[in-house]
Amino acid sequence: GDCRRDRQLVLEAVTRDPEAIRVAAPALQADHAVGLATLAHGAKHLQKLPQALSHGPEFLAKALIATGGCDRDLATAAVLQHAPNIQFLAEGLRDDRWVMFAALNSDGMLLGFGGPSVRNDRDVVLAAVQKAGRALDFASESLRNDVTVGSAAVLQDDSSVEFLGEELKSSVPFFEDTLRACQGSRRRLLLAALEADAALLRYGSQENRADRNIVLEAVGLNGEALLHASLGLRADREVVFVAVHNNGLALQFADLALRHDLDVVRVAVQQNGAAIRYVEPALRSDREIALLALSPPGGDQAVGFVGTALWQDPDFLVQAMIANGGADRQVVLTVVGQDGLLLSMATETLRADRGVVQTAIDQNGLALEFASEELRQDFYLVQSALQHCGLALRFASDALRSSPTLVKLAVQQDGLSLEFMRTPLLRPPKEKSDTPENADSQIEQQQQQQQQPQQQNGEPPKLLDEGKPIEGKVEVEVDAETYREISRVAIENDGRAIQFLRQEERLDRTIVLAAVRQNGSVLDQAPQELLQDDAFLEAAVDLSGGEDAEAVLDAVNIKGVALRFAGPGPRANRRVVLAAIHNDPFSLRYASDVLKDDKALVLEALRHTPSASKRALLELASDRLQQDVALVVESLP
């Protein structure tokens, strides 16, 4: 009996035979050293030990350490009794899924002691995160991106969202499902979801969508998340400011009162010009707001919402072009539709845009000046410009300024546009050759050639309605009759066009008389050969029945006696008669009776008359003035 209680003897006995523990005194059976000596023969002897040892965490830990944690049965028993004992297992057993399951049954966080294999075992990891969501931190990267594992983790503990893989962190469907599962009540989960898509705020609970911090976070990431905020927060000035700063279009979800707020609206349209559509009508006509809206980005979508009165303001049009740098097509289209000349402020790209240029010249043909060189070679575009303003011929290409059709159209609009006709090569009117019949056929032929499919190099055909230019120089031959017809049309539209005629046409009596008929003041521009011809002067003065004072004035400045061809009106016009007698004092004979009785006028005539002829001149005055002492004295030789 004493031997059963002798610790040293019992230790020696169980060291030789593990069965010896059965006969040891109860106190020694519960001795850690005796128990460890017994287990040294194998974990199968654990059942021989009293419950105090077989279920004791401290003893089992010592047993694992003593055996090196390599015995699977001991390891399983140890972690079943006290899961943290897994930390004392050998590395190989930490990768044993059944041992790990035994540990995880108590605490999912013990996955942290698992080896690489169990951390990549979907069933093991799922069991861990269902116990403790933050155990996701110990899962392999692939399982941290597993939808089922990730969902189980964040639903068990939404703080584990920080351990999700990058794929799941950016997966909108994942967050949609998990938020639905928890009815949007998990705050940290919702905040993480907002990083993937702020619009996921819509899955938040009513409480979370009324949480100012959550909503500020959401609208800071995506302003349009304001749509899903509570009504109270949509009327919160700070929240709306953050939203429209991120996305101006969020203004549409703001409370009506804030859509009247100038500061809020300013930030919104500056961020995205298209936000002006959600601005209250009164602010759409605010110059500052409109100009901010027309600036990139979104300026093209803002055009239709700017107050209509602003588009009638020339200063605003210029400012609108400056605001968007002349680069936004829709803005430029609207501006040049109001003032075509502002095409000058558009970018080179838009000045080469056929639609933009067409809009500009429809408003003002002179906008052709600012079209690209390529478009100024386009026959039909130039034709359109000339229909609005003949002087636009100045800005057409050299080839088109030689086109009879275009030049004639120009001078029909404004005779002075003849100045910009490029002098053509004239050929006799009846000459026949293999060349095209006229300049326009040459130009059109060249255009048609350019439109033919380029089969040699595989290029597609160039279509005329695509605005393809006439390239290169076109030496145009125009017959003399065509040129004469153009000249006639020009001077019939504006007699001043006479100054731009060739010398041959300026010597043409019919053409010059047509010019004088249209504008009597151009008579002095007739060549001297015609002006010295009394018959021509008579015809020129007689064009208006001799009553065109300006024409008669030009005529008497050239030849005083031309006054004889004038009608009663000019003969009674003191200015006209004075000019006549300055040129030829004896033209007094053609003055009206009233002016022949004008002492000052007769005196002026006498002073311009040679002494020997003064008496004869006085005889042309009225009978009363012929008896005037002062005039008689003046007429003495």
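Numbering of residues begins from 1 in every chain and follows the order in which that chain's sequence is written. With pLDDT at 70 or above as the cut-off, local features in this predicted model cover only qualifying residues; side-chain atom pairs require 80 or more to be listed or tallied, and sums for whole chains, interfaces and linings still use all residues. In computing side-chain values, all of the structure's heavy atoms are included and hydrogens and water are not.

1. So, the overall build of the chain
Spelled out, the test is: Numbering of helices and strands runs from the N terminus, with a helix taken as a DSSP run of H or I at least four residues long and a strand as a DSSP run of E at least two residues long. The contact criterion used throughout is that any non-hydrogen atoms of two residues lie within 4.5 Å. All accessible-area figures derive from a Shrake-Rupley calculation using a 1.4 Å probe, and residue coverage is judged against the displayed protein chains alone.
From N to C terminus, the chain includes 43 helices and two strands. Of the contacts formed within the chain by residues at least 6 apart in sequence, a portion of 47% connects residues at least 24 apart. For the chain, the accessible surface area stands at approximately 29500 Å², while carbon and sulfur atoms represent 47% of it.

2. Some points on helix 38 (residues 574–583)
Residue pairs three or four apart in sequence face the same way in an α-helix, which turns once every 3.6 residues. Our working definition: Classification of residues uses two cut-offs on accessible area relative to the type maximum, computed with a 1.4 Å probe and protein chains only: under 20% is buried, over 50% is exposed, and between them is partly exposed.
Listed as buried for helix 38 are Val 576, Val 577, Ala 579, Ala 580 and Ile 581. Considering only its buried residues, helix 38 is in contact with helix 36 (549–558), helix 37 (568–571), helix 39 (593–596) and helix 40 (599–607).

3. With respect to the pattern of salt bridges
What counts, and what does not: Here, a salt bridge means any Lys or Arg side-chain nitrogen found within 4 Å of an Asp or Glu carboxyl oxygen.
A full pass over the atoms with the stated rule returns 32 salt bridges. One salt bridge connects Asp 236 with Arg 212, and the closest N-O pair in it is separated by 2.9 Å. Residue Asp 236 is found in the loop between helix 18 (231–234) and helix 19 (237–246), and its partner Arg 212 is found in helix 17 (residues 212–221); the two are separated by 24 residues along the sequence. A salt bridge links Arg 575 to Glu 550, with the shortest nitrogen-to-oxygen separation between them at 3.0 Å. Placement of the pair is Arg 575 in helix 38 and Glu 550 in helix 36, with a sequence separation of 25 residues. Using a relative accessible area of 37% as the deciding quantity, one classes Glu 550 as partly exposed.

4. Points about a nonpolar patch on the surface
Here is the rule we go by: Patches draw on residues past 30% relative accessible area with no salt bridge. Two like charges within 9 Å are joined, as are two nonpolar side chains (Val, Leu, Ile, Met, Phe, Trp, Tyr) within 5 Å.
Residues Val 629, Val 633 and Leu 636 make up a contiguous nonpolar surface patch of roughly 300 Å² in combined accessible area. Considering the arrangement of structural elements, one finds Val 629 in helix 43 (residues 629–635). Exposure remark for Val 629: the relative accessible area of 62% places this residue in the exposed category.

5. Concerning the confidence of the model for the chain
What counts, and what does not: You can read pLDDT as the predictor saying how much it trusts each residue, on a scale of 0 to 100.
Put simply, the chain has an average pLDDT of 83, and 87% of its residues get 70 or more. Every residue in residues 431–437 is under pLDDT 50, and counting partners more than four places away or in other chains gives six contacts. The low-confidence segment residues 450–475, where pLDDT is below 50, has 44 contacts with residues more than four positions distant or belonging to other chains.

6. Side note on unusual backbone geometry
Here the residue pair Pro 296 and Pro 297 is connected by a cis peptide bond, since its omega of -5° sits within 30 degrees of zero. Residue placement: Pro 297 occurs in the loop between helix 22 (287–294) and helix 23 (299–302). Its identity is not glycine, yet Gln 183 carries a phi of approximately 60°, on the positive side. Of note, Gln 183 is situated in the loop between helix 14 (172–181) and helix 15 (187–196).

7. Points about the environment of Gly 495
For Gly 495, the location among the structural elements is in the loop between helix 31 (480–493) and helix 32 (503–506). What makes Gly 495 buried here is its relative accessible area of 0%. Taking the C-alpha atoms as reference points, Gly 495 and Leu 416, separated by 79 residues in sequence, lie 8.5 Å from one another. Residues in contact with Gly 495, not counting those within four places in the same chain, are Ala 515, Gln 518, Asn 519 and Val 522.

8. Notes on the packing of aromatic side chains
The test is simple: Think of it this way: a Phe, Tyr or Trp ring, Trp meaning its six-membered ring, pairs with another when their centres are within 6.5 Å, and the plane angle makes it stacked under 30 degrees, edge-to-face over 60, tilted otherwise. Comment: the charge-over-ring label is applied if NZ (Lys) or CZ (Arg) is within 6 Å of the ring centre and within 35 degrees of the ring normal.
Per the counting criterion, the structure on display carries four aromatic pairs. When the centroid spacing of 5.4 Å and the interplanar angle of 75° are considered together, the rings of Trp 311 and Phe 316 count as edge-to-face. Like Phe 316, Trp 311 is buried. Residues Phe 379 and Tyr 380 carry aromatic rings whose centres are separated by 5.2 Å and whose planes lie at 75° to one another, so their mutual orientation is edge-to-face. The exposure class assigned to Phe 379 is buried, which follows from its relative accessible area of 3%. Take Tyr 380: its relative accessible area is 33%, and that puts it in the partly exposed class. Its end group placed over the ring of Trp 98, Arg 97 keeps NZ or CZ at 5.3 Å from the ring centre.

9. What about the environment of Asp 158?
Basically, it comes down to this: By the criterion applied in these results, polar contacts are pairs of N or O atoms within 3.5 Å in which, for protein atoms, one can donate a hydrogen and the other can accept it, and in which residues neighboring in sequence qualify only through two side-chain atoms.
Tracing the backbone through its elements, the reader meets Asp 158 in the loop between helix 12 (147–156) and helix 13 (166–169). The sequence separation of Asp 158 and Leu 190 amounts to 32 residues, and the corresponding C-alpha distance is 8.9 Å. Those residues in contact with Asp 158, other than ones at most four positions away along the chain, are Arg 186, Arg 187, Arg 188 and Leu 189. Separated by 3.2 Å, the side chain of Asp 158 and the backbone nitrogen of Arg 188 make a polar contact.

10. Some thoughts on the environment of Phe 316
Here Phe 316 is to be found in helix 24 (residues 314–324). As for Phe 316 and Leu 291, which are separated by 25 residues in sequence, their C-alpha atoms are 8.3 Å apart. When near neighbours in sequence (up to four residues on either side) are disregarded, Phe 316 contacts Arg 287, Ala 290, Leu 291, Leu 294, Val 306, Leu 310 and Trp 311.

11. Some thoughts on the packing of helix 14 against helix 15
The criterion, for reference: Axis geometry follows a simple rule: fit a line to the C-alpha atoms, using only the stretch in contact for helices, then measure angles between N-to-C directions, giving values from 0 to 180 degrees. Orientation categories follow fixed angle ranges, with anything under 35 degrees roughly parallel, anything over 145 roughly antiparallel, 65 to 115 roughly perpendicular, and all other angles oblique. Helix crossings fall into two classes, left-handed where the near helix is turned counterclockwise from the far one by less than a right angle and right-handed where it is turned clockwise. Only Asp, Glu, Lys and Arg are considered charged in this grouping, and only Ala, Val, Leu, Ile, Met, Phe, Trp, Tyr, Cys and Pro are considered nonpolar; every other residue, Gly among them, is considered polar.
At their nearest, the axes of helix 14 and helix 15 sit 9 Å apart, and the two run at 155° to each other. The angle between the axes of helix 14 and helix 15 places the two elements in the roughly antiparallel class. As helix 14 packs across helix 15, the resulting crossing turns out to be left-handed. Note on element contacts: helix 15 touches helix 14 through Leu 189, Leu 190, Ala 192, Ala 193 and Ala 196, opposite Val 172, Phe 175, Thr 178 and Leu 179. A per-class count over the contact of helix 14 with helix 15 returns eight nonpolar, one polar and no charged.

12. Quick notes on the packing of helix 24 against helix 25 (residues 329–338)
Axis separation between helix 24 and helix 25 bottoms out at 10 Å; the angle between their running directions is 160°. The angle between the axes of helix 24 and helix 25 places the two elements in the roughly antiparallel class. Here helix 24 runs over helix 25; the crossing is left-handed. For the pair formed by helix 24 and helix 25, the contact residues are Leu 317, Ala 320, Met 321 and Asn 324 on the first element and Val 331, Val 332, Val 335 and Gln 338 on the second. Of the residues belonging to the contact of helix 24 with helix 25, the class tally is six nonpolar, two polar and no charged.

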